[in-house]
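Residue-level structural notes
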Amino acid sequence: MPIKRMWGGRFQATGSDLANTFGASIFFDQEMAHEDIFGSLAHVKMLKATKILPAADADKIIKGLHEIDDQLTKDGSLPFTVDDEDIHMNIEDLLTKKIGPVAGKLHTGRSRNDQVATDLHLYVKERLPKVIDALYELQQALVDQAAENVHTVMPGYTHMQHAQPISYGHYLLAYFQMFQRDVERFQFNMKHTDISPLGAAALAGTSFPIDRQLSAKYLGMSDLYDNSLDAVSDRDFVLEFLSNASILMMHLSRLCEELVYWCSHEFGYIELSDSYSTGSSIMPQKKNPDFAELIRGKTGRVYGHLMGLLTTMKGIPLAYNKDMQEDKEGIFDAVKTILPSLKIMAGMIKTLHVNKDKMDAATHHDFSNATELADYLAGKGIPFRQAHEIVGELVLKGIKSGHDLSDISMEEFHKISPKIDEDVYHCLKPEVAVERRNSYGGTGFKQVEEQLAKAKAILAKQDK
Ligand code: ARG
């Protein structure tokens, strides 16, 4: 028996099993089953309110949809079939089995094109606050650790070479800021997501006297598309999500990279908790930062989803084309990747142990106080360029003889300038170098305290 398709009226033959399976999306778009039912409920309530459907018919459909939704919540799935191609036709078919041919009235003044767009808007709208909450949890972990480490001094790097000593709290708050921009990007993403395409129908609107404002209200959407062609063919809100997710993963990946370095034997700045590490099946001593590596690795698939959809969309003429069925798996996977990545990262930060002594030790004997000496000389009236040259030569001498800048005697300092005083030795201490970088946003302890207060205020506002 050939399968009977909902659109089968003008067809005399059905496709092969391979073709039907290839064209179907039910394998993955069942992820939007709740959204599909919710979207249909908004549509049918509008059809009832505008008297396009008799109230009795609309009520039967509403009751049937609620029962299907309850079943879905209870069982976690429904008897979906590839014969019904996608989630939209599967739900409609289940409704028909439940309430009979009156179910066919649900699709009045609607097309699967505005239906699928509506479902996807609902899906993203529901996930955005979850992503933002997970970001806040990570930011809180960073702030808590920064609060305990304002005065923890560590090497700051450029080119992965010791550059200048910094506060570890300052370092953590740099990531707080990066994640705050992620929060703001996802918040903005809502503007283009919280907008209803429902009622755009196939592409041109409908001759039924529908009320799109009302269905948008039933959907809980703040706005509606002004142009029906745009409504059914826009996937910018998905691309924005994937772009935001890619930037977020890039941030997480950079942090992972550092965690991996820092828990290595060579650095030893931190130790990850046992709960976020794994062992080796052959080397008994191993404690591997698998989770940091895995988040770093998962960055690739999220970038891939962004590139995939950008490429899918780039050649699509208005309005709906089947290519757009490819818009879903990427975002579903991106959501399933970023949410646990954020939670794992928050857990890793909350539970890691900071080896303050190792961090501190790394700021000695490393010439990262060279800028301090150059600044000191410049403060004594020697032009900075000349001071830089002088200190460069002192560093070279020190490397050759195995001495630090603080080992230079007063006598030798006086050969450079008689204006140099005993206080030069104080300036060369790493913690003093950090303390003195008190320019706005700098690593000076006072500045870090101020940044911390601002970060806390951002998170406190969020709690309300
Ligand atoms: N399964 C389709 C998708 O995900 C739904 C829209 C189908 N519309 C159509 N005209 N074939 O894009």
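Residues numbered from 1 in each chain as written. Predicted model: local features only at pLDDT ≥ 70, side-chain atom pairs only at ≥ 80, totals over all residues. Heavy atoms only, no water.

1. A short note on the overall build of the chain
A tally of helices and strands in the chain yields 19 helices and six strands. Over its C-alpha trace the chain gives a radius of gyration of 31 Å, far above what one expects of a compact globule, namely 23 Å for 464 residues. Per-residue burial for the chain yields a buried fraction of 50% across its 464 residues. Across the chain, every contact between residues at least 6 apart in sequence was considered, and the portion connecting residues at least 24 apart equals 75%. Within the structure as shown, the chain displays about 22,800 Å² of accessible surface, and the carbon and sulfur contribution to it stands at 55%. Within the chain, one finds 51 positive and 65 negative side-chain charges whose respective centroids are separated by 4 Å. (Helix = DSSP H or I, 4+ residues; strand = E, 2+ residues; numbered from the N terminus. Rg over C-alpha atoms; globule rule 2.2 N^0.38 Å. Buried < 20%, exposed > 50% of the residue type's maximum accessible area, 1.4 Å probe, protein only. Contact = heavy atoms within 4.5 Å. Areas by Shrake-Rupley, 256 points an atom, 1.4 Å probe, with all protein chains shown as cover. Lys, Arg positive; Asp, Glu negative; His and termini not counted. Charge placed at Lys NZ, Arg CZ, Asp CG, Glu CD.)

2. Observations concerning the pattern of salt bridges
A side chain of one charge can pair with a side chain of the opposite charge if their charged atoms are brought near each other. One pass over the structure, following the stated rule, counts 24 salt bridges. E137 is the salt-bridge partner of K343, the closest N and O atoms lying 3.9 Å from each other. In this pair, K343 sits in helix 12 (residues 328-351) while E137 sits in helix 6 (residues 112-147), placing the two residues 206 residues apart along the sequence. Several salt bridges share partner residues, and in doing so they unite E85, D86, R112 and K322 into one network. (Salt bridge = Lys/Arg side-chain N within 4 Å of Asp/Glu carboxyl O.)

3. A closer look at the packing of helix 5 (residues 87-99) against helix 6
Where helix 5 contacts helix 6, the two axes come as close as 10 Å, and the packing angle between them is 105°. One finds that helix 5 runs roughly perpendicular with respect to helix 6. Residue-level inspection shows I87, H88 and M89 of helix 5 in contact with helix 6, the latter providing R112, Q115, V116 and D119. Considered class by class, the residues forming the contact of helix 5 with helix 6 number three nonpolar, two polar and two charged. (Axes fitted to C-alpha atoms, helices over the stretch in contact; angles between N-to-C directions. Parallel < 35°, antiparallel > 145°, perpendicular 65-115°, else oblique. Nonpolar A, V, L, I, M, F, W, Y, C, P; charged D, E, K, R; others polar.)

4. Some remarks on a negative patch on the surface
A surface patch of like charges, here negative, comprises D223, D226, D230 and D236. Among the secondary structure elements, D236 is positioned in helix 10 (residues 236-262). (Patch = residues over 30% accessible without salt bridge, like charges linked within 9 Å, V, L, I, M, F, W, Y side chains within 5 Å.)

5. Overview of the nonpolar core
For soluble globular proteins, the rule of thumb is that nonpolar side chains tend to be buried together. Counting residues in hydrophobic clusters, the biggest one holds 83 residues, and the most contacted among them are Y168, F186, F241, I331 and M345. Here this core gets 15 residues from one element, more than from any other, and that element is helix 6. Once residues within four sequence positions are removed from consideration, F186 is found in contact with L128, V131, I132, L135, F241, N244, A245, L248 and I338. Counting 24 residues, the second-largest nonpolar core is a separate cluster that includes I37, L41, M46 and L47. (Core = buried A, V, L, I, M, F, W, Y, C linked by side-chain atoms within 4.5 Å.)

6. So, the packing of helix 3 (residues 33-49) against helix 8 (residues 212-219)
Orientation of helix 3 relative to helix 8, taken along the N-to-C sense of each, is 140°, at an axis distance of 8 Å. Relative to helix 8, the element helix 3 is oriented oblique. Helix-helix and strand crossings are classified by hand; for helix 3 and helix 8 the assignment is right-handed. Taken together, the residues of helix 8 that come into contact with helix 3 (itself represented by F38, G39, A42, K45, M46 and A49) are L214, S215, Y218 and L219. Here the contact of helix 3 with helix 8 is composed, by residue class, of seven nonpolar, two polar and one charged. (Left-handed = near helix turned anticlockwise from the far one by under 90°.)

7. Some thoughts on the packing of aromatic side chains
Taken as a whole and assessed by the stated rule, the structure comprises 12 aromatic pairs. Taken together, Y157, Y168, Y171, Y175, F179, Y261, W262, F267 and Y269 form an aromatic cluster joined through their ring pairs. Between R10 and the ring centre of F11, over which it is positioned, the NZ or CZ distance is 5.7 Å. If you follow K45 out to its NZ or CZ, it ends over the ring of Y218, 5.8 Å from the centre. (Phe/Tyr/Trp six-rings, centres within 6.5 Å; stacked < 30°, edge-to-face > 60°. Lys NZ or Arg CZ within 6 Å of the ring centre and 35° of its normal.)

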